[in-house]
Amino acid sequence: MKRLFGMLFAVMVACLCAACGAPPEPYTKTAVIMDTVVTIEAEDGEREQAVDEGMAYLQKIDALASQNAGSDLELLRLSAGNGQWVAISPEVFEMLEMSQEWAEKTDGAFDVTVGPVVWLWGIGTEYAKVPSEAELAEARSHVGWQKLELDKSATSARLTEAGMRIHLGAIAKGYAIDGLCAIFKKHGVKNGLVSLGGSSMYAFGKSPKRKPWRIGIRHPRSDDAKEYLAVAPLTDAALSSSGDYERYFEQDGVRYHHIFDPVTGRPADTGVLGVTVIATGGHAGTLTDILTTTLFVMGEEKGKAFLKTCGADASALFIMQEGDTFHFCAATSGDAPAMQDVLTDVAESAQWEAE
Ligand code: AMP
Ligand code: MG
């Protein structure tokens, strides 16, 4: 009898909770993968399976896109210039295909063959240094997306010149976001959030407060990664940011960061501190990741013009600085909304630039 009352009570509580609409506890996991802190949170559907499978997927992409011994990219580097084709995993091949498509569209501003330059500067490692002109010229001479060849029928690739190497740092996180979207879909998760270090994110449906997820646009000059210049309330959208604050070192008052202009082989220097791009739809993760790096390299003026004609549906924000004031400049392509209509809670230190 006591047991029956207990069960009845449990059923009544469950009914009351359903009636008052209390959301179930989200299922969240955090780990260090892809050189950053990743968080996967799912509110509904097969939450546990989605999050656990998502974490395993990120580990897989991390290993595939790495330069470790035996990885696709390391084998490509070792056979660069010897004419041999190297079999590539489907995931890395897909990233290379999209990279080449955008390298062509951006006239090489986005170029994953920038690897020798990335390696030379070593930004974010203990070997970071300003290279000599001779070292720079040598590294630059091995950069060029036209020298990366892909064979789709055999899922293989080759680098036509010795000294070349690929770096997927500007696309892998965004690509992984798209993979996580597929995993959430498969497990019926409609509401949740995935964040790869805060620089690549996807907001699914609504937050537990039943409102759009509030994604912060990081203050580019604050030591506190949680200090924001604005907030993007998002639903079913990807957001990516690239900035000179992510990885850098300073020497003689100059900031050397990790986003390179493939033409000069130096950190892109256009006065832009950060770029954020928001997009929806298939491949939104990869697209936003590619676009933020591209727009950062191009700078405000060229970047705005490029975005308008690039054929994507995306909203972009460029952040510049003048004294203590941060200037916000927006650009939009296709059917995407204007950034001014998306962002809220803009900090007092930030100001929209007139169009
Ligand atoms: P992101 O933070 O997405 O802008 O990516 C920056 C990373 O991409 C760097 O750490 C480099 O590994 C790589 N990278 C730097 N410059 C470029 C470029 N112009 N095109 C493609 N990849 C780049
Ligand atoms: Mg990127």
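So, a few notes on the structure that sits alongside this text. Everything numeric in this text was worked out from a predicted model, so none of it was measured.

Procedures and definitions
Residues numbered from 1 in each chain as written. Chains lettered and ligands numbered in written order. Predicted model: local features only at pLDDT ≥ 70, side-chain atom pairs only at ≥ 80, totals over all residues. Helix = DSSP H or I, 4+ residues; strand = E, 2+ residues; numbered from the N terminus. Rg over C-alpha atoms; globule rule 2.2 N^0.38 Å. Buried ≥ 20, exposed ≤ 12 C-beta atoms within 10 Å, placed from the backbone. Contact = placed C-beta atoms within 7 Å. Core = buried A, V, L, I, M, F, W, Y, C linked by C-beta atoms within 7 Å. Domains from an automatic or database assignment. Axes fitted to C-alpha atoms, helices over the stretch in contact; angles between N-to-C directions. Parallel < 35°, antiparallel > 145°, perpendicular 65-115°, else oblique. Left-handed = near helix turned anticlockwise from the far one by under 90°. Nonpolar A, V, L, I, M, F, W, Y, C, P; charged D, E, K, R; others polar.

**A short note on the overall build of the chain**
Reasoning step 1: Across its full length, the chain holds nine helices and 18 strands.
Reasoning step 2: The globule rule puts the C-alpha radius of gyration for 355 residues at 20 Å, and the 22 Å found for the chain is close to it.
Reasoning step 3: If one aligns the C-alpha atoms of the chain with their principal axes, the spans along those axes are about 85 × 50 × 40 Å.
Reasoning step 4: Taken across its 355 residues, the chain has 44% of its residues classed as buried.
Reasoning step 5: Taking all contacts inside the chain whose residues are at least 6 apart in sequence as the whole, residues at least 24 apart take part in 63%.

**Considering the nonpolar core**
Here is a general trend for soluble globular proteins: nonpolar side chains tend to be buried in one another's company.
Reasoning step 1: Ranked by internal contacts, the top residues of the largest apolar core, which has 100 residues, are Ala 279, Ala 314 and Ala 316.
Reasoning step 2: If one sorts the elements of this core by residue count, helix α8 (residues 284-309) sits on top with 10 residues.
Reasoning step 3: Shared between two domains, this core holds at least three residues of each, these being domain 1 (66-159) and domain 2 (212-352).

**Points about the packing of helix α7 (residues 172-186) against α8**
Reasoning step 1: Between α7 and α8, the shortest axis-to-axis distance is 6 Å and the interhelical angle comes to 165 degrees. The angle between α7 and α8 places the two elements in the roughly antiparallel class. For α7 against α8, the interelement crossing comes out right-handed. Taken together, the residues of α8 that come into contact with α7 (itself represented by Lys 173, Gly 174, Tyr 175, Ile 177, Asp 178 and Cys 181) are Gly 285, Thr 286, Thr 288, Asp 289 and Ile 290.

**Focus on the packing of helix α2 (residues 47-64) against α7**
Reasoning step 1: The geometry of α2 relative to α7 is characterised by a closest axis approach of 10 Å and an angle of 150 degrees between their N-to-C directions. With respect to α7, the element α2 is oriented roughly antiparallel. Crossing of α2 against α7: the hand is right-handed. Of α7, the residues touching α2 (which contributes Ala 50, Glu 53, Gly 54, Tyr 57, Leu 58 and Ile 61) are Ala 172, Tyr 175, Ala 176, Gly 179, Leu 180, Ile 183 and Phe 184.
Reasoning step 2: Classifying every residue of the contact of α2 with α7 by side-chain character gives 10 nonpolar, two polar and one charged.

Remember that the coordinates give geometry; whether it matters functionally is a separate question.
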